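So you can see what is in the structure, the chains are spelled out below.
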Amino acid sequence: MQRTFSIIKPDATKRNITGSINKIIEENNLRIVAQKRIQLTNEQAENFYDIHKDKPFFKDLIEYMTSGPVVVQVIQGDNAITKYREVMGATNPDNAKEGTIRKIHALNVQENSVHGSDSEVNAVKEIDFFFNLNEIVG
Ligand code: CMP
């Protein structure tokens, strides 16, 4: 059993499709064990995406991630980190496989509806960023 961290991004909360995204997550045998809808501050978004701070898209990314509410989630299951990345599909929806969240819902490479941790180290870090581990019922 493994946990990963997910964000349902502003393009998706705006379009009221968080339920549709959660349905895809659950249909793929992943369990949402914690979630909350929050408005990210600039500081939170900048800290969260610190590894991208030198990328040309960083400023736009922070603007977009703070443009509306997000739903932060902890997702649990066998091999959850890799599994969720498969369920999300490629970062750029043009390259995402049929049936993936991004193929179905993402608008473009930035407004790509969801985020998922890319490694175990980052999953722990990202979950800790938004949740109190003691409060999660697995
Ligand atoms: P995510 O998986 O959350 O990680 C970084 C985010 O930056 C990514 O999803 C996209 O929202 C955004 N992103 C990644 N690559 C690009 C790009 N080439 N242009 C604009 N935004 C990008």
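Keep in mind that what you see is a predicted model, and the values were worked out from it rather than measured. (Residues numbered from 1 in each chain as written. Predicted model: local features only at pLDDT ≥ 70, side-chain atom pairs only at ≥ 80, totals over all residues. Heavy atoms only, no water.)

Asks: What exactly am I supposed to notice about the site of the ligand here?
Replies: Inspection of the region around the ligand gives Lys-9, Tyr-49, His-52, Phe-57, Leu-61, Arg-102, Val-109, Gln-110, Asn-112 and His-115 as its neighbouring residues. A distance of 2.8 Å separates an oxygen atom of the ligand from a polar backbone atom of Gln-110. Between Asn-112 and the ligand, the recorded distance is 3.3 Å, taken from a side-chain N or O atom to an oxygen atom. Here the ligand has 460 Å² of accessible area as a free molecule, and 77% of this is covered by the chains. In terms of residue class, the shell around the ligand is built from four nonpolar, four polar and two charged. (Near = heavy atom within 4 Å. Polar contact = N/O pair within 3.5 Å; in protein donor to acceptor, adjacent residues only side chain to side chain. Areas by Shrake-Rupley, 256 points an atom, 1.4 Å probe, with all protein chains shown as cover. Nonpolar A, V, L, I, M, F, W, Y, C, P; charged D, E, K, R; others polar.)

Asks: How should the pairing of strand 3 (residues 70–77) be read in this particular structure?
Replies: Each regular strand carries side chains that alternate between the two faces of the sheet. Strand 3 sits mainly inside the fold: eight of its eight residues count as buried. Both faces of strand 3 are covered, namely the face carrying Val-70, Val-72, Val-74 and Gln-76 and the face carrying Val-71, Gln-73, Ile-75 and Gly-77. Bridge count between strand 2 (residues 31–38) and strand 3: seven bridges; the pairing is antiparallel. Its bridge partner being in strand 3, Ile-32 is matched across the sheet by Ile-75. (Buried < 20%, exposed > 50% of the residue type's maximum accessible area, 1.4 Å probe, protein only. Helix = DSSP H or I, 4+ residues; strand = E, 2+ residues; numbered from the N terminus. Pairing = 2+ DSSP bridges.)

Asks: When you look at the pattern of salt bridges in this model, what are you seeing that I'm missing?
Replies: Side chains that carry opposite charge are capable of pairing whenever their charged atoms lie near each other. Following the criterion strictly, the structure yields four salt bridges and no others. Between Lys-23 and Glu-27 there is a salt bridge, with its nearest N and O atoms 3.0 Å apart. Of the two residues, Lys-23 and Glu-27 are both situated in helix 2 (residues 18–27); the distance of four residues between them amounts to about one turn of the helix. Assessed through its relative accessible area of 51%, Glu-27 is described here as exposed. One salt bridge connects Lys-53 with Asp-50, and the closest N-O pair in it is separated by 3.8 Å. (Salt bridge = Lys/Arg side-chain N within 4 Å of Asp/Glu carboxyl O.)

Asks: Any chance you could explain helix 5 (residues 80–88) here in plain terms?
Replies: Counting along an α-helix, one turn takes 3.6 residues, and residues three or four places apart therefore face a common direction. Those residues of helix 5 not exposed but buried are Ala-80, Ile-81, Tyr-84, Val-87 and Met-88. In a view along the axis of helix 5, the buried residues occupy a sector of 125 degrees, so they form one face of it. Looking one or two residues beyond helix 5, the residue adopting positive phi is Gly-89, at roughly 90 degrees. (Arc of directions from axis to C-beta.)

Asks: When you look at helix 7 (residues 120–130) in this model, what are you seeing that I'm missing?
Replies: Three or more residues of helix 7 are buried, namely Asn-122, Ala-123, Glu-126, Ile-127 and Phe-130. Seen along its axis, helix 7 keeps its buried residues to an arc of 130 degrees; they face one direction. Helix 7 presents Glu-120, Val-121, Val-124, Lys-125 and Asp-128 as exposed residues on the side facing more than 90 degrees away from its buried surface. Buried-residue contacts for helix 7 involve strand 1 (2–8), strand 2, helix 3 (42–48), strand 3, helix 5 and strand 4 (114–116). (Contact = heavy atoms within 4.5 Å.)

Asks: Could you clarify how one ought to interpret unusual backbone geometry in this entry?
Replies: Among all residues save glycine, negative phi is the norm, and among peptide bonds the norm is trans. Residues other than glycine seldom take positive phi values, yet Asn-16 does so here, at roughly 60 degrees. Mapped onto the elements of the fold, Asn-16 is located in the loop between helix 1 (10–14) and helix 2. One non-glycine residue, Asn-79, adopts positive backbone phi at about 55 degrees. Within the fold, Asn-79 resides in the loop between strand 3 and helix 5.

Asks: I'm lost on the environment of Thr-82 in this one. Help?
Replies: Along the chain, the position of Thr-82 falls in helix 5. Taking the C-alpha atoms as reference points, Thr-82 and Asp-118, separated by 36 residues in sequence, lie 7.7 Å from one another.

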